[in-house]
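# Residue-level structure breakdown
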Amino acid sequence: MQRLDWIEEYFEKVAQSSEEGREAVEYIRARKIKVGLRRARKSVGAFWTLERKFFLNSVHHTQESVLENPRAWTLFVHEVRHLQQGAFTALSIYGELDAWQVEFNLYKRLTGKTLHAVLEELLSLPLNMDRGNLRHARKLMMQYAGKEYGANFLPLYPLHQEIKYWVTRR
């Protein structure tokens, strides 16, 4: 299958999956963000770059599999959420908690499946700036995705707010 044909089919599947999917596809199209497959470490399902590109991990996905896999559609929504957040927020536990909750609430809705207990607990957390809450979210993310996921390297708050916190302790 040609790359452009595959991308169009993938966009159509994501857009048809949900309102969140439709909005994510519109966002990608409006900003002409490149979408593709690229190899990454096993603990990563998909990723975005500072050049505003988005890739599904070819270790887990193929052109054919993403057309029929709701997980690939919800990963799309997750990564677009990060692109919408901007780098400072996306590269924080707060940004990850937001994206994980959007992704897994959507996955649960699309599939009707009960999620892993760790994910269910993560979905029950409030999305707020409470440091204890964000530390707990980080712990759950690492418990589910493993240490290789890298959440232990992210600040709790978006970087500019994290710096302010460390200077003012507020």
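I will try to describe carefully the structure that is included in this document. (Residues numbered from 1 in each chain as written. Predicted model: local features only at pLDDT ≥ 70, side-chain atom pairs only at ≥ 80, totals over all residues. Heavy atoms only, no water.)

### Looking at the side chain of D98
Condition: Counting from the N terminus, the helices are DSSP H or I runs at least four residues long and the strands are E runs at least two residues long. The rule is simple: take the accessible area with a 1.4 Å probe, protein chains only, and divide by the maximum for that residue type; under 20% is buried, over 50% is exposed, in between is partly exposed. In what follows, residue pairs with any heavy atoms lying within 4.5 Å of each other are defined as contacts.
Inspection of the secondary structure puts D98 in helix α5 (residues 93-111). Judged by its relative accessible area of 10%, D98 is buried. Setting aside anything within four residues of it in sequence, one finds D98 in contact with R81, Q85 and L127.

### Focus on the packing of aromatic side chains
Our working rule: The aromatic pairing rule takes the rings of Phe, Tyr and Trp, using the six-membered ring of Trp, and pairs them if the centres are within 6.5 Å, calling planes under 30 degrees apart stacked, those over 60 edge-to-face and the rest tilted. Two limits define a charge over a ring: the Lys NZ or Arg CZ must be within 6 Å of the ring centre, and within 35 degrees of the ring normal.
Under the counting rule described, the total for this entry stands at eleven aromatic pairs. On the basis of an interplanar angle of 55° and a centroid distance of 5.8 Å, the ring pair of W100 and F104 is categorised as tilted. With W100 and F104 both in helix α5 and four residues apart, the pair spans about one turn of that helix. For the pair W100 and F104, a shared accessibility class is recorded, and that class is buried. On the numbers, 5.4 Å between centres and 80° between planes, the contact of Y165 with W166 is edge-to-face. Grouping aromatic residues by their ring pairs yields a cluster made of W6, Y10, F11, F54 and F76. Cation over ring: R38 sits above F55, and NZ or CZ is 4.1 Å from the ring centre.

### A look at a nonpolar patch on the surface
What counts is decided by this rule: Patches draw on residues past 30% relative accessible area with no salt bridge. Two like charges within 9 Å are joined, as are two nonpolar side chains (Val, Leu, Ile, Met, Phe, Trp, Tyr) within 5 Å. Working definition of accessibility: Shrake-Rupley area with a 1.4 Å probe, residue cover restricted to the visible protein chains. For this document, the term salt bridge refers to a Lys or Arg side-chain nitrogen within 4 Å of an Asp or Glu carboxyl oxygen.
Taken together, F88, L159, I163 and V167 make up a surface patch of nonpolar side chains, about 410 Å² in accessible area. Of the residues forming the nonpolar patch, the biggest block, three residues, is contributed by helix α8 (residues 159-168). With respect to the helices and strands, the residue I163 is situated in helix α8.

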